[in-house]
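Summary of structural features
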Amino acid sequence: MKRLALAPLLLLPMLAQAQQAGPAAELSVDEVRFTVANSEFTLMHEMGHLLISELQLPVLGREEDAADQLGFMGLFLLQQEQHRDDFYAKLMDVADYWRLEWQNAERNGTELPVWDSHALDAQRFYNIACLAYGSDPDRLDWVLEVSGLPVERALYCPEEYAQAAHAVQWFRDHFGRSDKRPARHRIRVIYDTPPGHLPGGTELLEKIRTSGELEAVAAKASEAFDLPRDLSLRMSTCGAPDAWFNRISGELTLCYERIAYFRDLAAELPRLRRVSAPPH
Ligand SMILES: [Zn+2]
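Read on for an overview of the structure. Keep in mind the model is a prediction, meaning the values are calculated, not measured. (Residues numbered from 1 in each chain as written. Predicted model: local features only at pLDDT ≥ 70, side-chain atom pairs only at ≥ 80, totals over all residues. Heavy atoms only, no water.)

**Quick word on the state of the cysteines**
- Across all of its chains, the model carries 2 disulfides by this definition.
- In this model Cys130 forms its disulfide with Cys157; the gap between the sulfur atoms is 2.1 Å. An S-S torsion of about -115° defines the bridge between Cys130 and Cys157 as left-handed. With Cys130 in helix α5 (residues 121-134) and Cys157 in helix α8 (residues 157-175), this pair connects stretches of sequence that are 27 residues apart. Judged on exposure class, the residue Cys130 and its partner Cys157 are both buried.
- Two residues, Cys238 and Cys255, share a disulfide whose sulfurs are 2.0 Å apart. When the S-S torsion is -100°, as for the bridge of Cys238 with Cys255, the disulfide is left-handed. Placement of Cys238 in the loop between β2 (231-236) and β3 (243-246) and of Cys255 in strand β4 (residues 251-255) is noted, with a sequence separation of 17 residues between them.
- Residue class for Cys255 comes out buried when judged on its relative accessible area of 0%. (Disulfide = S-S within 2.5 Å. Helix = DSSP H or I, 4+ residues; strand = E, 2+ residues; numbered from the N terminus. Buried < 20%, exposed > 50% of the residue type's maximum accessible area, 1.4 Å probe, protein only.)

In structure tokens:
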């Protein structure tokens, strides 16, 4: 099995170690990257909800779309700092998660939740692919090929990306903390016991905890913004592969089942990419 050579941003230590022992032993490099990228995106999307709510950010359009954009830009900015070789492949992993959900629902004849506050899975796929392509269209021609993003939309993707980047920069300029003193309020990380029925659940908990990456993200947000109260980030058992921010309790929940779900879904990547090989 190929070993991962580069330092991970988030959750990768636990997954890389899980490759050596435990139920995740079969994961390929692509599967690990897909699982990590989507776990990170989920966390960043929910952090987007947290910041919108706690800092009372003005939102035009749907909050779910804004959280996706904040999630994408958060991931983009964090990853850019790392200068990782597989940066764009990770962004496409995030887009491809929505493509898998879209295609699976189509195959199963699941009715489209057109009433939902989220964009449809197919739209979230194209939205993420568009932002990724728009971030560097000269270098990322291949994104159009592997995503099938039509030229009618692609033409405007650089503008879409520039608009999202500008909004995030504005938001950091206006809401960022310049105070050098310790933050008044912080995001505390809490770990619940993972579900007994989840394969490798205990190992998952230990690997996430020892990686210290959730604490790093929580600390970064606490230092970067003047939060109005203490908040928490909880790894929990939810009974579903979910994640959410509760604006009453001020708690962001990330479910063990969601990470396991990404891990399982990653096995479907070869089928998805048989027609459009991902670049490296
Ligand atoms: Zn959301």
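**Focus: the side chain of Thr253**
- Summarising the element assignment, Thr253 is placed in strand β4.
- Those residues in contact with Thr253 that sit more than four places away from it in its chain are Arg234, Ser236, Cys238, Ala243 and Trp244. (Contact = heavy atoms within 4.5 Å.)

**Description of the environment of Gln169**
- Take Gln169: it is sitting in helix α8.
- As for Gln169 and Met73, which are separated by 96 residues in sequence, their C-alpha atoms are 9.9 Å apart.

**Comments concerning the coordination of the zinc ion**
- Around the zinc ion, the protein contributes the donor atoms His45 (NE2), His49 (NE2) and Glu64 (OE), at 2.0 to 2.1 Å from the metal centre.
- If you list the donors of the zinc ion from N- to C-terminus, the spacing comes out as H-x3-H-x14-E. Here the residue His45 occupies a position in helix α2 (residues 29-54), and Glu64 occupies one in helix α3 (residues 63-82), the gap between them amounting to 19 residues. (Donors = N, O, S within 2.8 Å, 3.2 Å for Na, K, Ca; no water.)

**Here we look at the packing of aromatic side chains**
- Taken as a whole and judged by the stated rule, the model has 12 aromatic pairs.
- Note on Phe76 and Tyr161: the rings are 5.4 Å apart at their centroids and 50° apart in plane angle, and the pair reads as tilted. Placement of the pair is Phe76 in helix α3 and Tyr161 in helix α8, with a sequence separation of 85 residues.
- Since its relative accessible area comes to 2%, Phe76 is described here as buried.
- Of the residues examined, Tyr161 reaches a relative accessible area of 14% and is grouped as buried.
- With a centroid separation of 4.8 Å and 50° between ring planes, the pair formed by Phe125 and Tyr126 is classed as tilted.
- Among the aromatic side chains, those forming a connected cluster through ring pairs are Phe72, Phe76, Phe87, Tyr88 and Tyr161. (Phe/Tyr/Trp six-rings, centres within 6.5 Å; stacked < 30°, edge-to-face > 60°.)

**What about the environment of Val36?**
- Tracing the backbone through its elements, the reader meets Val36 in helix α2.
- The class for Val36 is buried, based on a relative accessible area of 2%.
- Note: C-alpha distance between Val36 and Lys90 (54 residues apart in sequence) is 8.6 Å.

**What about α5?**
- Across its 14 residues, α5 extends 20 Å between first and last C-alpha, which sits within 8% of the 20 Å expected from 1.5 Å per residue.
- In terms of burial, α5 is largely enclosed, as 10 of its 14 residues are buried. (Expected span 1.5 Å × (residues − 1).)

**Focus: α8**
- With 19 residues, α8 should cover 27 Å at 1.5 Å per step; its first-to-last C-alpha distance of 27 Å lies within 8% of that length.
- Among the residues of α8, Cys157, Tyr161, Ala164, Val168 and Phe171 are the ones counted as buried. Each buried residue of α8 sits inside an arc of 95° when the element is viewed along its axis, so together they form one side. When the buried face of α8 is taken as reference, the exposed residues oriented beyond 90 degrees from it are Glu159, Gln163, His166, Asp173 and His174. (Arc of directions from axis to C-beta.)

**Things to note about the packing of α5 against α8**
- At a closest axis distance of 7 Å, the pairing of α5 and α8 adopts a crossing angle of 90°. Considering their axes alone, α5 and α8 lie roughly perpendicular with respect to each other. Contacts from Cys130, Leu131, Tyr133 and Gly134 of α5 reach α8 at Cys157, Pro158, Glu160, Tyr161 and Ala164.
- When its residues are assigned to classes, the contact of α5 with α8 shows 7 nonpolar, 1 polar and 1 charged. (Axes fitted to C-alpha atoms, helices over the stretch in contact; angles between N-to-C directions. Parallel < 35°, antiparallel > 145°, perpendicular 65-115°, else oblique. Nonpolar A, V, L, I, M, F, W, Y, C, P; charged D, E, K, R; others polar.)

**Some points on the sheet that holds β3**
- Read from one edge of the open sheet, 4 strands run β1-β2-β4-β3, paired in mixed fashion. Two strands close off the open sheet at either side, each with one partner strand: β1 (187-191) and β3. Looking at each pair of strands side by side, their axes are set apart by 15° on average, direction ignored.
- Relative to β2, β1 runs parallel, the two being bridged by 5 bridges. Counterpart to Arg188 in the pairing with β2 is Ser232.
- Across the sheet, helix α10 (residues 213-224) lies against β1 and β2, angled at about 160° from β1, the strand it touches most. (Pairing = 2+ DSSP bridges.)

It is worth stressing that arrangement in space is one thing and function is another; only the former is reported here.
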